Amino acid sequence: MWLSRPAQLLCDAWSPLNQTPLSGPLSTHMAWFLCLCAFLALALLAVHLKLRLSMHGPQEPPHLPTLPLIGSLMSLRSPQPPHVLFKGLQGKYGQTYSLKMGSQSVIVVNQHRHAREVLLKKGKTFAGRPRTVTTDVLTRDGKDIAFGDYSATWRFHRKIVHGALCMFGEGSASIEKINPEFEAMLDYSQGIVDTVAKDSLVDIFPWLQMFPNADLCLLKQCVSIRDKLLQKKYDEHKANYSDHVQRDLLDALLRAKRSAENNNTAEVSAESVGLSEDHLLMTVGDIFGAGVETTTTVLKWAVTYLIHHPQVQRRIQEELDSKVGRGRSPQLSDRGSLPYLEATIREVLRIRPVAPLLIPHVALSDTSIGDFTVRKGTRVIINLWSLHHDEKEWKNPELFDPGRFLNNEGTSLIIPSSSYLPFGAGVRVCLGEALAKMELFLFLSWILQHFTLSVPSGHSLPSLEGKFGVVLQPAKFKVNATPRAGSETNKCQAC
Ligand code: STR
């Protein structure tokens with residue numbers, strides 16, 4: 001029989017040392033039986049592998065309904081701000097899902113494992129930035145660091161700014177000086193925050209810029225005020241530039257530009273790294289804008305929550321009184337001995353992250369997130385709001401509780417969950433993280449050493465909702481700052 005030879009071989013192999021070879025009809029049946037078993041095992045294996053592949057193999061993320069031209073916009077109409085809406089959509093579509101903004105594919109990530117994969121494990125693959133109408137107006141077509149696409153120029157700029165921020169950070173007089181142009185900056189900056197990078201219709205459908213657009217008009221006005229200020233600073237610095245003195249970030253950038261220009265041979269020539277005047281101005285614009293908007297926003301949220309939670313305020317003041325006293329102002333060197341204040345800052349950054357959707361990332365090549373395939377050019381939105389309010393990671397996430405960032409004894413700081421990324425992470429992590437933490441500490445410790453904050457009588461507690469934009473700002477509110485007993489400062493009311 002044609003099958004008996006392999007069957008015989010099987011039998012041969014399986015009968016140890018071939019001492020009692022089987023023969024006759026019994027061996028034929030046995031051979032058939034073994035062949036059948038082998039065949040069944042192979043078939044089962046194939047089915048199992050196929051199932052595994054379809055369950056865990058490359059697949060598209062769950063998708064919101066889409067229509068031609070407008071994409072998923074119908075499913076995104078909601079009174080809720082985008083970060084809250086995106087968190088809610090997890091119930092129906094899972095933690096990572098995709099949608100279309102017009103014709104643009106977008107993946108929304110609502111959980112820390114996938115967020116860490118995008119930002120850290122595959123940081124370079126996802127280091128791209130989308131170009132939009134509003135960010136192009138703000139940054140002269142992406143010539144800055146925050147909104148600029150990933151490139152050699154971008155990496156070079158970031159490196160210089162990183163170095164300069166380290167150099168002019170701790171211990172620098174520049175933190176303490178209040179610039180007289182600061183007020184003007186706050187003004188134009190608010191106009192920019194209100195109009196830029198908030199996925200407005202003109203960013204989704206660029207052809208809409210043909211029509212009159214109030215937001216785009218305001219943005220252009222504010223950008224032109226900003227540009228005049230930046231140009232003035234740039235010209236002053238250029239006129240007084242010396243190779244031997246570096247006063248600030250702009251000096252550091254100018255020096256890098258000059259040394260690249262003088263270096264004709266090396267690959268870091270001025271053209272190859274693209275250190276144009278525009279790039280320098282836009283980078284400085286970023287640092288000014290980010291520095292002003294982020295710190296003031298976190299401070300406003302901190303004041304909001306301290307008014308809502310007077311017991312937290314009292315505990316910070318007790319800590320300040322016992323560790324610093326009233327005789328001197330708190331200094332950066334006190335940070336280590338004021339864990340409750342530090343925990344409060346961490347909790348403010350958790351419960352109301354400055355940028356609840358970070359800035360969108362773009363996949364620079366075909367790649368994946370978890371088991372989902374991601375095509376080159378797809379935008380990825382990390383919903384930090386979902387990470388910071390994930391019920392599986394945080395007990396009562398809507399409750400303001402600085403204690404969650406302290407150990408059981410309340411003596412040292414902890415990060416209780418991996419689902420905490422207030423400054424982003426990876427290649428595009430916030431450059432000002434260390435500086436921001438120092439500023440927040442200095443401002444808050446000084447305020448609470450001198451004042452107790454409360455809501456003026458007749459006013460209701462400030463809203464906790466926030467106005468969505470490129471930063472999440474609290475609505476305007478009134479606050480009473482009452483000097484603490486033993487403090488000579490006068491009572492004041494601010495808004
Ligand atoms: C604020 C307003 C302004 O004048 C300039 C800028 C550009 C940089 C932006 C900044 C903005 C808002 C906060 C941003 C920052 C870059 C990084 C930072 C978006 C629009 C955050 O990611 C929080």
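A. Representation of the overall build of the chain in the model. Looking only at helices and strands, one finds 16 helices and nine strands in the chain. Residues counted as buried form 33% of the 495 residues belonging to the chain.

B. The arrangement of the sheet that holds strand β3 (residues 361–362) in detail. If you trace the four strands from one edge of the open sheet to the other, you get β1-β2-β6-β3, paired in mixed fashion. The outermost strands of the open sheet, each flanked by one partner alone, are β1 (96–101) and β3. The pairing of β3 with strand β6 (residues 379–382) spans two bridges and is classified as antiparallel. Note on β6: the bridge partner recorded for Val 362 is Arg 379. Its contacts with the sheet place helix α4 (residues 112–121) against β1, β2 (104–109), β3 and β6, and it is angled at close to 125° to β6.

C. Quick peek at the site of the ligand. What surrounds the ligand is a group of 17 residues, the closest being Ala 146, Ile 192, Gly 289, Ala 290 and Ala 355. Broken down by secondary-structure element, the contributors of at least two residues to the shell around the ligand are α7 (182–195) and α12 (277–308). Counting residues per element, the shell around the ligand draws most heavily on α12, at six residues. Grouping the amino acids of the shell around the ligand by side-chain chemistry returns ten nonpolar, four polar and three charged.

D. Focus on helix α14 (residues 339–351). Counted at 1.5 Å a residue, the expected span for α14 with its 13 residues is 18 Å, and the 18 Å between its end C-alpha atoms agrees. Across the 13 residues of α14, 13 count as buried, placing the element largely inside the fold.

E. Quick peek at unusual backbone geometry. The backbone phi angle of Leu 69 is positive, close to 70°, even though this residue is not glycine. Its location among the elements puts Leu 69 in the loop between α2 (25–56) and α3 (82–93). Although it is not a glycine, Leu 358 sits at a positive phi angle of roughly 45°. Mapped onto the fold, Leu 358 is located in the loop between α14 and β3.

F. Region of interest: the pairing of β2. Judged by how many residues are buried, β2 sits mostly within the fold: five of six residues are covered. Judged from the six bridges that link them, β1 and β2 form a sheet pairing that is antiparallel. Pairing of Tyr 97 across the sheet is with Val 108, part of β2. Bridge count between β2 and β6: four bridges; the pairing is parallel. When the bridges of β6 are listed, Val 106 appears paired with Arg 379.

G. Region of the structure containing the nonpolar core. One finds Val 109 and Ile 382 to be the most contacted residues of the largest nonpolar core, which totals 91 residues. No other element matches the 14 residues that α12 contributes to this core. Look past the residues within four positions of Val 109 in its chain and what remains in contact with it is Thr 96, His 114, Ala 115, Val 118, Ile 369, Val 380, Ile 381, Ile 382 and Asn 383.

H. Looking closely at the environment of Pro 462. With respect to the helices and strands, Pro 462 occurs in the loop between β7 (451–454) and β8 (479–483). Distance in space between the C-alpha atoms of Pro 462 and Lys 478 is 7.9 Å, their sequence separation being 16 residues. Setting aside its immediate chain neighbours within four residues, Pro 462 contacts Thr 304, Ile 307, Pro 474 and Phe 477.

I. Quick peek at the environment of Asn 480. With respect to the helices and strands, Asn 480 occurs in strand β8. By the C-beta count within 10 Å, which is 17 here, Asn 480 ends up partly exposed.

J. Up close: the confidence of the model for the chain. Summing up the model confidence of the chain, the mean pLDDT is 87 and the portion of residues at 70 or higher is 83%. Below pLDDT 50 for its whole length, residues 1–23 participates in 20 contacts with residues either more than four positions away or in separate chains.

K. Structural detail: α3. Between its first and last C-alpha, α3 extends 16 Å over twelve residues, near the 16 Å set by a 1.5 Å rise per residue. Tucked inside the fold, the buried residues of α3 contact β1, β2 and α15 (384–388). One or two residues past the end of α3 sits Gly 94, with phi positive at roughly 90°.

L. Here's a closer look at the environment of Asp 371. Locating Asp 371 in the fold gives a position in the loop between β4 (367–369) and β5 (372–374). Classification of Asp 371 by C-beta neighbours within 10 Å gives exposed; the count is 12. Sequence separation between Asp 371 and Pro 61 is 310 residues; the distance between their C-alpha atoms is 8.5 Å.

M. View of the packing of α12 against helix α16 (residues 433–450). Where α12 contacts α16, the two axes come as close as 10 Å, and the packing angle between them is 45°. One finds that α12 runs oblique with respect to α16. Our pair here, α12 against α16, has a crossing hand that is right-handed. Contact with α12, carried on its side by Thr 294, Thr 295, Val 298, Leu 299 and Ala 302, involves Ala 436, Glu 439, Leu 440, Phe 443 and Leu 444 of α16 and no other residues of that element.

Definitions and limits used
- Residues numbered from 1 in each chain as written.
- Predicted model: local features only at pLDDT ≥ 70, side-chain atom pairs only at ≥ 80, totals over all residues.
- Helix = DSSP H or I, 4+ residues; strand = E, 2+ residues; numbered from the N terminus.
- Buried ≥ 20, exposed ≤ 12 C-beta atoms within 10 Å, placed from the backbone.
- Pairing = 2+ DSSP bridges.
- Contact = placed C-beta atoms within 7 Å.
- Axes fitted to C-alpha atoms, helices over the stretch in contact; angles between N-to-C directions.
- Near = placed C-beta within 6 Å.
- Nonpolar A, V, L, I, M, F, W, Y, C, P; charged D, E, K, R; others polar.
- Expected span 1.5 Å × (residues − 1).
- Core = buried A, V, L, I, M, F, W, Y, C linked by C-beta atoms within 7 Å.
- pLDDT = per-residue confidence, 0-100.
- Parallel < 35°, antiparallel > 145°, perpendicular 65-115°, else oblique.
- Left-handed = near helix turned anticlockwise from the far one by under 90°.

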